[in-house]
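The lines below spell out each chain.
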Amino acid sequence: MKVQKMIGVMLLFFWMIIIFAYSAQPAAESSKLSGQVVTGLQEAGKSFSILDRLLSWGRLEFLVRKTAHVMEYAVLGSLVLFNIENWFSYKKKRFYLLFSTGFCVIYAASDELHQYFVPGRSCQIGDVLLDSFGAFLGVCITFGILNYLKNHRKRTRKSFS
C-alpha cells in the first residue's frame, strides 16, 4: 500500500510540474504548440468540410487552448482526490470533494499569477474559472469511479462469504 501512496504523490507532483512548465512558456512558444495541434486537427478534419466552415483557425485555436485548460486541471483534480483518498480516512466524503477542488482552485489562481510574469502571457480570471471547472469535473468523475469500485469490492466480498 505504501508504494501505491508514493506513486500517487509522485504523479501529483509530476503533473503540477507539467502545468507549471507549460505556464512558464513565453506566448510565442505556447502559440506554436497550440498551432501544431490546430494544424493536426484541421488535417484530420479535412474530410469533414463542415469543420472548415464552422471553425476558423482562430476559433479552433481558442477551443484547443481552453480545452487544454479544462483537461489539464481535470487530471490534477483527479490526482489530488486520489491522493486524499489514499492518505486520509475522513468519514465525510464531501470533505474530499471540497478540499480537492479547493486545492486545485488555489493552484489555478497561483498558476495564472505566475503567467503574469511570463513574457507575452497574461493573468485571466476566465482561465482560473475554466481550470476550476476542469478540476471539479475531474474530482467528480474520480469520486464516482472510486465509490463504484469500493461498492463493487464490497458486493464481491459478500457474494464469496
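For the structure, see preceding data.
Residues numbered from 1 in each chain as written. Predicted model: local features only at pLDDT ≥ 70, side-chain atom pairs only at ≥ 80, totals over all residues. Heavy atoms only, no water.

Visitor: I'm lost on the overall build of the protein in this one. Help?
Guide: When its secondary structure is counted, the protein shows 6 helices and 0 strands. Secondary structure of the protein in N-to-C order comes out as α-α-α-α-α-α. Put simply, the protein has 161 residues, and 33% of those count as buried. Taking all contacts inside the protein whose residues are at least 6 apart in sequence as the whole, residues at least 24 apart take part in 73%. Carbon and sulfur atoms make up 71% of the accessible area of the protein, which amounts to about 10,700 Å² in all. (Helix = DSSP H or I, 4+ residues; strand = E, 2+ residues; numbered from the N terminus. Buried < 20%, exposed > 50% of the residue type's maximum accessible area, 1.4 Å probe, protein only. Contact = heavy atoms within 4.5 Å. Areas by Shrake-Rupley, 256 points an atom, 1.4 Å probe, with all protein chains shown as cover.)

Visitor: Explanation requested: the environment of L76 in the structure shown.
Guide: For L76, the location among the structural elements is in helix 4 (residues 57-87). Here L76 is in contact with L12, W15, M16, I19, C104 and Y107, once residues within four sequence places are set aside.

Visitor: What should I look at first to understand the packing of aromatic side chains in this one?
Guide: The geometry of an aromatic ring pair is captured by the separation of the ring centres together with the interplanar angle, meaning the angle of the planes. Applying the stated criterion across every chain, the model contains 4 aromatic pairs. Aromatic pair Y73 and Y107: ring centres 6.4 Å apart, planes at 45°, arrangement tilted. Of this pair, Y73 sits in helix 4 while Y107 is found in helix 5 (residues 93-116), placing the two residues 34 residues apart along the sequence. The exposure class of Y107 is buried, given its relative accessible area of 14%. Through pairs of rings, three or more aromatic residues link up here, namely F95, Y96 and F99. (Phe/Tyr/Trp six-rings, centres within 6.5 Å; stacked < 30°, edge-to-face > 60°.)

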